[in-house]
Each structure stands twice: as C-alpha cells, then as structure tokens.
Amino acid sequence: MSNNYQRAGIDTPSWTGRAENPYLRGVYASTVHETTAFDLEVTEGELPADLEGAYVRNGPNAVFEPSALYHWFDGDGMVHGVYFRDGKASYRSRFVRTDDLKAEEEAQRSLWPGIMGPFDFESGRSILKDTGNTDIIHHNGKLLATWYMCGDVHQLDPLTLDSRGKGDFGGKLQSKVSAHPKVDARTGELVYFTLSDEAPFMRYGVVSKDGELVHETPIDLPGPRASHDLTITENYTLLHDFPLFHDVELQRKIGHRVARFFPEIPSRFGVVPRHGGNDQVRWFEFEPTYVLHMVNAWEEGDWIIMDGCAQPDPSIKRRKEEGELASMLGYLRIKAHLHRWCMNLKTGETKESDLDDLNVEFCLPDTERYGSKTRYSYHQQLPVDGYTVEFHALVKYDHEDGTRTRYEYGEGNLASEAPFARRIGAKASDEDDGYVVTIMTNPGWKDYSECWIFRAQEIEKGPITKIKVPARIPPGFHAKWIRGDELWATS
Ligand SMILES: [Fe+2]
C-alpha cells in the first residue's frame, strides 16, 4: 500500500543519524512504513485456538527530523495491531493522524520543539505537539489514542487502525483529555481526567457506554500537577495529586518544563463518587512519592485498596557526562516497585506498604476487571540504572498469596507492555485463565519483530507461541487486549 511515509527499501529515516541520542537510533529509531500483513508466519508453537481478538499498542515514531533536542516521549503516535481470528494472525500499523501531525505534513518539517524545549510562546500554536502517542483504549466501538500531556481524543477504526477524526463525546467535550482513561467493563463507562497549567488545574469526567459525556467537573488542586493515571472502583474514582510538579512562571522564563519533587509534601488521592462533583472529593494523604501507573483499585467493606508502581524518589538523577540529554536519560531511569495504599471511607484511616522491591512498571491486571478486586497483575521489569528504558522480563504478581513468577526475555529481546487476554471459554472465576501477549523487538532484527504469547498461568515457562511480524516495531508505550467478540461486533 502507499502512504506519505513509505520510502521504497528504506525503513529508517536518514536523520536518525543524530546518533548521540539513543532514542533515535537502533531499536528506538522510527519506522516510517505503515504496514499491512496477513497470514503471519508462526515460528514457534501454534496459534491458540481459543485466542481471538487483537493486541494493540501505541508508541512514539517521529516522522520529521526533530528541530530541537528529542525526548523519547516526543515521537508521533503509531499504533500497531496484531489480530487473531480463525486460526490466523495479521498485523497492521498506522500513524495517529493528529491535527498537529497534519500541520507538519503540510509544512514538511517539524513545527514544534519537543518537551525539552525551548518552547515558543509567540507562535500562536500550543507549546507542545499533540502526538497522541501514549495510550490506546477500546470504547464504544472505537479505538481511542490519547496523549499523556492532555490532547484530543484521537479515534481509530479498530480493524484498520485508520484515523477517524477527533472524538467529542456527543459534542459535549470542552476540554482536552489525558492518557489513561479507564473503561469500566461492568457499566461500559469511560472515566477520564485532564490537566492544565491554568485553573482549574484538573477536570474529571465520565462518558456513557454510548460515547456521550454525562458528567464533568473541575477539581480543586493547589497548582498545576503532573498526574499520569487515575483508578476506578465500583462506586468511586481516585484522582492523583503527587508532590512532583512544575513552576509555570519558570517555564515561561526558561522555555522548558522542569518538574521538581518536593519530598516534604504528602501524596494525596482524591476519592470522588463516580458521578460526584468537586465538593464531594475526599482527599487522603500518604507518604511523598510519584506514580506513573496504578495496577488497580477496589472496595473491600469501608476500605478502598489500590496497588501501583511507586517511585519514592522520582527526582531526576542527571549525569554530567550525558550532557544536554542528561535530564531525559535521568528521568527515564525509572525506579519503581509494587506498593499498596488503603483508605478507610468511614474512619479516614490510611495504611500503606511496599509489596515488593523488584524494579517494575507498565503494570496491567485483566483490564476487564478494572475497579473489581484482582488477584493477578502483569508487569515489565526494568534495569536498575540502565542507559535506556528496556523491558527485559515479564513479572506476574499474585496479590493474594504475595508471590511472583518471572520470565527473562533473553539477550537483546525487548518487550512491549503485555496485556492479559482471556481464553475463549474461560470461567469468569478463573482470573488468569488465558494468555499474555506482547511484541518483542531486538537490535539484531532489522526488518521484523515478533509477537510472543504466554500462557498466563505459567509465564515462567516462557512463550508458547512466537509469530514473525514483518515490520520493525520500536519499543513503545501502552498496549491493550481487545476481545474478538467486541472487536468483530464493531465491523
Ligand atoms: Fe502511561
């Protein structure tokens, strides 16, 4: 197929020769092709007959040569999908065609510096490009790609991955939306938040299962925040306020954003009824920390229990020798471990504890159980003090008996976020009866990647199936599993 990005025989743009930046070269270099491939080759094992649906993953993939310093978070969003149906697997990749990417296509060059600045406050444009590169969820028959700095809701056709314009939730959406909205599989509702540098610094909203915005409220915060996620329970939403934030005045003065950690300020979680307003938010204080991603939250009697990947010291450890890239490389040396926060809605009591010390992030339960008590979750292990972000092992936690199992991917193999895929015919009570699916990349694989399938109940035994995907897929951000019956129902 032809598209604006296809260059015969060339997969990697020539400008990735700005080789001093590790996030522009090797496995991280952009893939300029949009690919469609059917009947993928199974290189190990067999395609499970009881696995139908799609693995979809978003991630950065810069189209035009960066005009300033490049941060891994700056690349244009590209969504990759591996589809499983009738005993065959197929693959597609498509750019998330945001308004800002279209503007750059028109200009045939980068129009925005990245998040490392320098920001242009006089251009009349937003200071950052909405890349739509962060998260991907399935709601109301559409895939929605979202951006962690709050942007448009980019709609994609779930089967073709072609962009289908911006979602406005029945014409009622007035604000931008952050990455990590949650879909409650019981009600079909989508729950979102958004952040701003100006008051109100946060907004919180709910969209019905039919895609109509039914609730939105401003949330009082002391100032702009860098919250990245939210969590839901059956009746409540938990909003995050961590002591890691930037100074807007300083940002205007120096032309880039510096987020500082304030270890003397507590972390806070705002518990709000699903359709509640600002005056119904109840804030609970905890030890200072920062959390990119929560695993899940649920209610147990008067308590709310929430598990996530805590970073007790998220301050950036710059290394002088890394020069102008030091802040990015330092920020991306994530140190996070599994932690539990408990809040009693009746007494106001709080409890918190570390559940493990392994360096893990990109954590997912069975996402159809968001808001309900979950026993299992699947995480990516990261190197401690590594040069770049590398998902080098799969870790499964059993939150009931406090154990974990683990599988090291092997030399050079770098995974993507790995969602759980329920097996067709699995009983609802068998929470881990299914598969864990991921995309694997390797610096030695120049023109292909692999899709690996694990049996969720024995991930430590390694993948049961490997599939060759005829495209180089750079490491990326968030992935989801979409069940076949939901996916084909939209076709
Ligand atoms: Fe994220």
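Coordinates for the structure precede this section.
Source: prediction; values computed, not measured. (Residues numbered from 1 in each chain as written. Predicted model: local features only at pLDDT ≥ 70, side-chain atom pairs only at ≥ 80, totals over all residues. Heavy atoms only, no water.)

*Asks:* Residues and numbers for the nonpolar core, please.
*Replies:* Among the nonpolar cores identified, the biggest contains 70 residues, and Tyr23, Phe269, Trp341 and Met343 are the most heavily contacted of them. The element best represented in this core is strand 20 (residues 290-300), accounting for six residues. If you look at the next biggest cluster of nonpolar residues, it comprises 21 residues, including Leu40, Leu51, Val82 and Cys451. (Core = buried A, V, L, I, M, F, W, Y, C linked by side-chain atoms within 4.5 Å. Buried < 20%, exposed > 50% of the residue type's maximum accessible area, 1.4 Å probe, protein only. Helix = DSSP H or I, 4+ residues; strand = E, 2+ residues; numbered from the N terminus.)

*Asks:* Any details on the coordination of the iron ion? Residues and values, ideally.
*Replies:* Those donors, His180 (NE2), His228 (NE2), His293 (NE2) and His478 (NE2), are the protein atoms that reach the iron ion, and they lie 2.1 Å from it. The coordination sphere of the iron ion comprises four donor atoms, whose angles at the metal cover 90 to 174°; the geometry is irregular. Sequence spacing among the residues donating to the iron ion works out to H-x47-H-x64-H-x184-H. With His180 in the loop between strand 9 (163-167) and strand 10 (182-183) and His293 in strand 20, the pair connects residues that are 113 residues apart, well separated along the chain. Accessibility expressed as a relative area gives 5% for His180, which makes it buried. Take His293: its relative accessible area is 4%, and that puts it in the buried class. (Donors = N, O, S within 2.8 Å, 3.2 Å for Na, K, Ca; no water. Tetrahedral: all angles 85-135°; square planar, octahedral: opposite > 155°, others 65-115°.)

*Asks:* Tell me what's going on with the packing of aromatic side chains, and back it up with residues and numbers.
*Replies:* Following the criterion strictly, the structure yields 25 aromatic pairs and no others. Both rings, one in Tyr378 and one in Phe420, keep their centres 5.9 Å apart while their planes meet at 10°; by these two values the pair is stacked. Here Tyr378 is found in strand 25 (residues 376-381), whereas its partner Phe420 is found in strand 29 (residues 420-422), with 42 residues between them in sequence. Phe420 gets classed as buried once you look at its relative accessible area, which sits at 4%. An aromatic cluster is defined as three or more aromatic residues linked by ring pairs; in this entry it consists of Tyr23, Tyr28, Trp72, Phe73, Trp147, Tyr148, Tyr331 and Phe477. Here Arg252 stacks its cationic end above the ring of Phe121, 4.5 Å away from the centre of that ring. (Phe/Tyr/Trp six-rings, centres within 6.5 Å; stacked < 30°, edge-to-face > 60°. Lys NZ or Arg CZ within 6 Å of the ring centre and 35° of its normal.)

*Asks:* Help me get a handle on the side chain of Arg94, residues and values and all.
*Replies:* Inspection of the secondary structure assignment puts Arg94 in strand 5 (residues 88-95). Exposure remark for Arg94: the relative accessible area of 5% places this residue in the buried category. Here Thr36 takes part through its side chain, which lies 2.7 Å from a polar atom of the side chain of Arg94. (Polar contact = N/O pair within 3.5 Å; in protein donor to acceptor, adjacent residues only side chain to side chain.)

*Asks:* Would you mind going over the pattern of salt bridges in detail, with residue names and values included?
*Replies:* One pass over the structure, following the stated rule, counts 41 salt bridges. Glu104 is the partner of Lys129 in a salt bridge, and the nearest nitrogen-oxygen pair spans 2.8 Å. On the criterion of sequence distance, the pair formed by Lys129 in the loop between helix 1 (99-107) and strand 6 (135-139) and Glu104 in helix 1 is long-range, its members being 25 residues apart. In this pair, the class of Lys129 matches that of Glu104, namely buried. The shortest N-O distance in the salt bridge between Asp157 and Arg164 comes to 3.7 Å. Note on Arg164: relative accessible area 45%, which makes it partly exposed. (Salt bridge = Lys/Arg side-chain N within 4 Å of Asp/Glu carboxyl O.)

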